[in-house]
Amino acid sequence: QVQLVESGGGLVQAGGSLRLSCAASGRTFSSYAMAWFRQAPGKEREFVAGISWSGGMSNYEDSVKGRFTISRDNAKNTVYLQSNSLKAEDTAVYYCAAGTVWATIPAAYDYWGQGTQVTVSS
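Here's what I pulled together on the structure shown here. (Residues numbered from 1 in each chain as written. Predicted model: local features only at pLDDT ≥ 70, side-chain atom pairs only at ≥ 80, totals over all residues. Heavy atoms only, no water.)

1. Here's the deal with the pattern of salt bridges
At step 1: Applying the stated criterion to the full structure yields four salt bridges.
At step 2: Residue Glu-46 pairs with Arg-38 through a salt bridge whose shortest N-O separation is 2.6 Å.
At step 3: With a closest N to O distance of 2.8 Å, Asp-90 and Arg-67 form a salt bridge. Note that Asp-90 is positioned in the loop between strand E8 (78-83) and strand E9 (92-99) and Arg-67 in the loop between strand E6 (58-60) and strand E7 (68-73), a separation of 23 residues in sequence.
At step 4: Each of the salt bridges in this network shares a partner with another, and the network as a whole consists of Arg-38, Glu-46, Arg-67 and Asp-90. (Salt bridge = Lys/Arg side-chain N within 4 Å of Asp/Glu carboxyl O. Helix = DSSP H or I, 4+ residues; strand = E, 2+ residues; numbered from the N terminus.)

2. Here we look at the state of the cysteines
At step 1: Going through the model one piece at a time under the given rule, you end up with one disulfide.
At step 2: Covalent S-S linkage joins Cys-22 and Cys-96, the inter-sulfur distance amounting to 1.9 Å. Taking the sign of the S-S torsion, 45° for the link of Cys-22 and Cys-96, the bridge is right-handed. A residue pair is termed long-range when its members are at least 10 positions apart, and Cys-22 in strand E3 (residues 18-24) and Cys-96 in strand E9 qualify at 74 residues. (Disulfide = S-S within 2.5 Å.)

3. Some words on the sheet that holds strand E1 (residues 4-7)
At step 1: Overall, antiparallel pairing links the four strands, which are arranged E1-E3-E8-E7 in an open sheet. The sheet is open, and its two edges are formed by E1 and E7, each paired on a single side. Within this sheet the neighbouring strands show an average axis-to-axis angle of 15°, counted without direction.
At step 2: The pairing of E7 with E8 spans six bridges and is classified as antiparallel. Looking across to E8, one finds that Asp-73 is bridged to Thr-78. (Pairing = 2+ DSSP bridges. Axes fitted to C-alpha atoms, helices over the stretch in contact; angles between N-to-C directions.)

Okay, here's the thing in structure tokens:
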């Protein structure tokens, strides 16, 4: 069992930055691929970024490439999402997820955090 707790969301002006964190419980954090998803009102949950078990590989949704960076610290059981040059369309609830399979679809992930709200004002 893995418990995930996100933090770092908030209200920011367009062009600003936020750093989201996701702290995981348990001793097997490095056994899980990690990802960030987001869900805006009235829309489906969408993949934002993912990172492999060791952190050596990562992938991004096209609209965030060059602006967002996912990273992890396995010693601290934490995954991060550095979000720069934020746009109004980035407004959503952001969720971190853990799974044994590294994928871009929500169904591939076994554990989810409660989400953190990111609001970007234009």
